[in-house]
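Structure at a glance
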Amino acid sequence: MLAVPLDGDVARAVNWRARLTHRLARHLRTSPVTLAPATPLVSFTFDDVPVCAATEGARMLVDYGGRGTFYISGSLIGTQARHWRVASEEHILALHEAGHEIGSHTYSHVFLPNLDSKGIVAESQRNGSCLRAIVPGLTLESFAFPYGFGSLPAKRTLAAIYRTSRGIVPGLNVGRADLQLLQANPLMDGRVDAAGIARMMDEALAKNGWLVFYGHDVVENPSPYGCSPALLEAALRAASDRGIPCVSVAEGLRRSLRRPAA
Ligand SMILES: [Zn+2]
């Protein structure tokens, strides 16, 4: 099932074939690993990256000693989208300099099931060139599927380019997992409240798991795809109260792949 309603153009693109390939992609692991972090972890991720996420959202993470991952599509930088203005080059550079992770989200914010392997590689290279023109030497380790949709061929192609690909299938990342479909939970006022977030944090604590959230805008009266500062604050406080470190996806992966002590 789709986690969020889609805009008209995309809804038309999501035909039965795309839904089937997505379902297959969910169940067939292309990069199986065992995730076993020494401590529970939480990662806050933001897609498309509205200005408010790059400023207010990023600042709130830092206030709690945390860092986040911001998945950027080069073609959207500085544009006015339906629900928000997208972060500028200056915002992206500031995110990087503040220690946040810049991730890739394709250059054209493209629906991956419609692309072949060559197309995915071309999108990745173009986005990489675009982002490295803003942040020289930037390494892109983390990817997020535009609209949350992947496919098996896409996962195989992406596995050769990025260490992880984040989807929108909810759950806790722990034990057997697929790095090319990291599970992530919506941080959206319309989908979850502070009590629901607290329960997820308790589960992460009990299972020593890696909890990943995804969202878009961080603003009063957010879009259906984003959250209010109050919800982000509640999530950060819930993590802080439980001593759960708030790390980028790249850092979360490093800590989750550690070898258990003998
Ligand atoms: Zn997106």
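Here, the structure is the one placed above.
The paragraphs below set out a description of the structure included in this document. No experiment lies behind these values; they were computed from the predicted model shown. (Residues numbered from 1 in each chain as written. Predicted model: local features only at pLDDT ≥ 70, side-chain atom pairs only at ≥ 80, totals over all residues. Heavy atoms only, no water.)

Considerations on the pairing of strand 2 (residues 41-47)
A regular strand places its side chains so that they alternate between the two faces of the sheet. The line we're drawing: Each residue gets one of three labels from its accessible area relative to the maximum for its type: buried under 20%, exposed over 50%, partly exposed in between, using a 1.4 Å probe on protein chains only. Strands are runs of DSSP state E lasting at least two residues, helices are runs of H or I lasting at least four, and both sets are numbered from the N terminus onward. Handedness is read with the strands pointing away from the viewer; a crossover is right-handed when the path from the first strand over the helix to the second is clockwise.
Within strand 2, seven of the seven residues are buried, leaving the element largely enclosed by the surrounding structure. Residues Leu 41, Ser 43, Thr 45 and Asp 47 point to one face of strand 2 and Val 42, Phe 44 and Phe 46 to the other, with burial holding for every one of them. Handedness of the crossover joining strand 2 and strand 3 (residues 69-72) through helix 3 (residues 51-63) is recorded here as right-handed.

Remarks on the environment of Asp 63
The topology assignment puts Asp 63 in helix 3. Taking the C-alpha atoms as reference points, Asp 63 and Leu 236, 173 residues apart in sequence, are found 9.5 Å from one another.

Some points on the side chain of Asn 185
Spelled out, the test is: When checking whether two residues touch, look at their non-hydrogen atoms; a contact exists if any pair is within 4.5 Å.
The residue Asn 185 is located in strand 8 (residues 185-186) in this model. Here Asn 185 falls in the buried class, since its relative accessible area comes to 5%. Not counting the four nearest positions on each side in its chain, Asn 185 is found in contact with Pro 170, Gly 171, Met 200, Leu 211, Val 212, Phe 213 and Tyr 214.

What about the pairing of strand 3?
The condition is simple: Note on pairing: DSSP must find at least two bridges between two strands before they are called paired.
Both faces of strand 3 are covered, namely the face carrying Thr 69 and Tyr 71 and the face carrying Phe 70 and Ile 72. Here three bridges tie strand 2 to strand 3, and the two strands are oriented parallel to one another. If you follow Phe 46 over to strand 3, its bridge partner there is Phe 70. As defined by bridge partners, strand 3 adjoins strand 4 (residues 101-104) across four bridges and the pair is classed as parallel. Note on strand 4: the bridge partner recorded for Thr 69 is Glu 101.

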